[in-house]
Amino acid sequence: MKQSLRLGRVAGVPVGVHWSVLVIGLLIGASLGGVVLPAAVPGLPTAWYVLTAAATVVLFLGSLLAHELAHALVAQRRGLPVKSITLWLFGGMAELEGEAKTPRNELETAAAGPLTSLAVAVGSFLVAVLLPGPDLLVAALTWLALMNLVLAVFNMLPGAPLDGGRVLHAVLWWRTGS
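Residues numbered from 1 in each chain as written. Predicted model: local features only at pLDDT ≥ 70, side-chain atom pairs only at ≥ 80, totals over all residues. Heavy atoms only, no water.

J.: Explain the overall build of the protein chain here, please?
T.: Secondary structure summary: the protein chain contains 5 helices and 4 strands in total. Tracing the protein chain from N to C terminus, the helices and strands come up as β-β-α-α-β-β-α-α-α. Its C-alpha atoms give the protein chain principal-axis dimensions of roughly 60 × 35 × 25 Å. The burial tally for the protein chain puts 43% of its 178 residues in the buried class. Contacts in the protein chain between residues at least 24 apart in sequence constitute 59% of all its contacts with a sequence separation of at least 6. Summed over all atoms, the accessible surface of the protein chain reaches about 9,800 Å², with 72% contributed by carbon and sulfur. Charged side chains of the protein chain number 10 positive and 8 negative; the gap between the two group centres comes to 7 Å. (Helix = DSSP H or I, 4+ residues; strand = E, 2+ residues; numbered from the N terminus. Buried < 20%, exposed > 50% of the residue type's maximum accessible area, 1.4 Å probe, protein only. Contact = heavy atoms within 4.5 Å. Areas by Shrake-Rupley, 256 points an atom, 1.4 Å probe, with all protein chains shown as cover. Lys, Arg positive; Asp, Glu negative; His and termini not counted. Charge placed at Lys NZ, Arg CZ, Asp CG, Glu CD.)

So, in structure tokens, the structure goes:
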């Protein structure tokens, strides 16, 4: 996936976004600001919904980046070079150079992203539950927790190119030696 805008480097890995992130960001923002947040916390000024939705979209895109960074950092730690990370319409992609050398390396690299999404979900939910208010912030954090939980579960479906497909590949490789 070709990056439309390079954001910089993290741990030596070029990080960027494809133009389609703008589309998905606007769609998520419109849904959050126009439907989800007003339904969860009615009666507030429209500007509050719009600003909260914008901030939540940025946090969500940040959580997608954290998911991909987890793959990249584990891959690097296991000796597998990472070419780039690109966020795009359907999430993100850490582009690795080559294949894992062992089933364990494959499993750890593949599982790192969903585990990170699960950690973000749990963290967001805990902050939402423990935060005494305001209700709009609690609603936004609850949405962020739910979306990261969905991301973690969806990514573990056992099919290519999802992370679950790579986990299944690693398990079969380990069990069969091939």
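J.: Would you mind going over the side chain of His 71 with me for this structure?
T.: Secondary-structure assignment places His 71 in helix α2 (residues 46-77). Given the relative accessible area of 3%, His 71 is considered buried. Once residues within four sequence positions are removed from consideration, His 71 is found in contact with Ala 94, Thr 109, Ala 110, Ala 112, Gly 113, Pro 114, Asp 163 and Arg 166.

J.: What's the story with the packing of aromatic side chains in this structure? I'm lost.
T.: Taken as a whole and judged by the stated rule, the model has 2 aromatic pairs. Taken together, a centroid distance of 5.6 Å and an interplanar angle of 65° make the contact between Phe 60 and Trp 143 edge-to-face. Note that Phe 60 is positioned in helix α2 and Trp 143 in helix α4 (residues 135-155), a separation of 83 residues in sequence. Judged on exposure class, the residue Phe 60 and its partner Trp 143 are both buried. Seen in terms of ring centroids, Trp 88 and Phe 90 are 5.3 Å apart; in terms of plane orientation they differ by 85°. Their pairing is edge-to-face. Looking at Trp 88, the relative accessible area reads 26%, which means it is partly exposed. (Phe/Tyr/Trp six-rings, centres within 6.5 Å; stacked < 30°, edge-to-face > 60°.)

J.: Is there a simple way to think about the packing of helix α1 (residues 20-40) against α4 in this case?
T.: A pair of packed helices is captured by two measures, namely the crossing angle of their axes and the spacing between those axes. For the pair α1 and α4, the least separation of the axes is 10 Å and the interaxial angle reads 125°. The orientation of α1 with respect to α4, classified from their angle, is oblique. Of the two elements, α1 crosses α4, and the hand of that crossing is right-handed. Between α1, through Ile 28, Leu 32, Val 36, Leu 37 and Ala 40, and α4, the contact on the second element is made entirely by Leu 136, Ala 139, Ala 140 and Trp 143. Considering only residue class, the contact of α1 with α4 consists of 9 nonpolar, no polar and no charged. (Axes fitted to C-alpha atoms, helices over the stretch in contact; angles between N-to-C directions. Parallel < 35°, antiparallel > 145°, perpendicular 65-115°, else oblique. Left-handed = near helix turned anticlockwise from the far one by under 90°. Nonpolar A, V, L, I, M, F, W, Y, C, P; charged D, E, K, R; others polar.)

J.: Even after reading the chapter, I still don't get the nonpolar core, so can you show me in this structure?
T.: Here is a general trend for soluble globular proteins: nonpolar side chains tend to be buried in one another's company. Leu 32, Leu 37 and Ile 85 are the most contacted members of the largest nonpolar core, which has 29 residues in total. Where this core is concerned, the elements lending two or more residues are β2 (13-17), α1, α2, β3 (82-88) and α4. With 10 residues, α2 is the single largest residue contributor to this core. Ignoring sequence-local partners within four residues, the contact set of Ile 85 consists of Gln 3, Val 13, Pro 14, Val 15, Gly 16, Leu 65, Glu 68, Leu 69, Ala 72, Met 93 and Ala 94. (Core = buried A, V, L, I, M, F, W, Y, C linked by side-chain atoms within 4.5 Å.)

J.: Would you explain the pattern of salt bridges in this entry?
T.: Any two side chains of opposite charge can pair, so long as their charged atoms come close to each other. Per the counting criterion, the structure on display carries 4 salt bridges. Note that Glu 108 is salt-bridged to Arg 78, the shortest N-O span being 2.4 Å. One end of the pair, Glu 108, is in helix α3 (residues 103-130); the other, Arg 78, is in the loop between α2 and β3, and 30 residues separate them in sequence. Since its relative accessible area comes to 30%, Arg 78 is described here as partly exposed. Between Glu 95 and Lys 83 there is a salt bridge; the shortest N-O distance is 3.8 Å. (Salt bridge = Lys/Arg side-chain N within 4 Å of Asp/Glu carboxyl O.)

J.: What should I look at first to understand the side chain of Ser 63 in this one?
T.: The residue Ser 63 is located in helix α2 in this model. Apart from residues lying up to four places away in sequence, Ser 63 is in contact with Val 120, Leu 144 and Asn 148.

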